[in-house]
Amino acid sequence: MLARADVIYYVTVHPVEGIIGFASGGPTRHGGFPQQNEVYAIYLLPAYQRQNLGSLLFRNVVSDLKSSGRAGLAVFALSSNPNRDFYKRFGGRETAAPPIAIGDLTVDQTAYVWEDIAFT
């Protein structure tokens, strides 16, 4: 994915510890949803969570996606992810999503969708 011109990446770096988080997004990979943009991943090391760094990463990716000319946004999170309310704070509407295969496991996921991504 790093070679794709339409995929956006942001990395947050600590001056001593190096990379402590990242986020990425681009065109949606889920044909069953009308939203044309997707935040693919957002991750922060646990020691740096709840310091607004995740919000900054998310807003930066979404801001760049707005300029793509594509409409709407979707984010897919594992239903067991304890941090998935993060997307509700940005106004994401929770909706059902198909399960995802991870190795030999099938895991439930939840989608968060926005028709308009002007919130950034």
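Everything numeric here is computed off the predicted structure, so don't read it as measured data.

How would you sum up the packing of aromatic side chains? Please name residues and give values.
The geometry of an aromatic ring pair is captured by two quantities: the separation of the ring centres and the angle between the planes. Applying the stated criterion to the full structure yields nine aromatic pairs. Taking the centre distance of 5.6 Å and the plane angle of 80 degrees together, the rings of Phe 58 and Phe 86 count as edge-to-face. Linking Phe 58 in helix H1 (residues 53-66) with Phe 86 in helix H2 (residues 85-89), this pair joins segments that are 28 residues apart in sequence. For Phe 58, a relative accessible area of 1% puts it in the buried group. Using a relative accessible area of 13% as the deciding quantity, one classes Phe 86 as buried.

Report on the sheet that holds strand E6 (residues 105-114), specifying residues and quantitative values.
Within a sheet, neighbouring strands are paired by backbone hydrogen bonds and run either parallel or antiparallel to one another. If you trace the six strands from one edge of the open sheet to the other, you get E1-E2-E3-E4-E6-E5, paired in mixed fashion. Every other strand in the sheet has two partners, leaving strand E1 (8-14) and strand E5 (93-102) as the edge strands with one partner each. Ignoring strand direction, the axes of neighbouring strands in this sheet form an average angle of 25 degrees. Judged from the seven bridges that link them, E1 and strand E2 (residues 18-27) form a sheet pairing that is antiparallel. Bridge pairing in E2 places Val 13 opposite Ile 19.

Reading the values: rules and limits
Residues numbered from 1 in each chain as written. Predicted model: local features only at pLDDT ≥ 70, side-chain atom pairs only at ≥ 80, totals over all residues. Heavy atoms only, no water. Phe/Tyr/Trp six-rings, centres within 6.5 Å; stacked < 30°, edge-to-face > 60°. Helix = DSSP H or I, 4+ residues; strand = E, 2+ residues; numbered from the N terminus. Buried < 20%, exposed > 50% of the residue type's maximum accessible area, 1.4 Å probe, protein only. Pairing = 2+ DSSP bridges. Axes fitted to C-alpha atoms, helices over the stretch in contact; angles between N-to-C directions.

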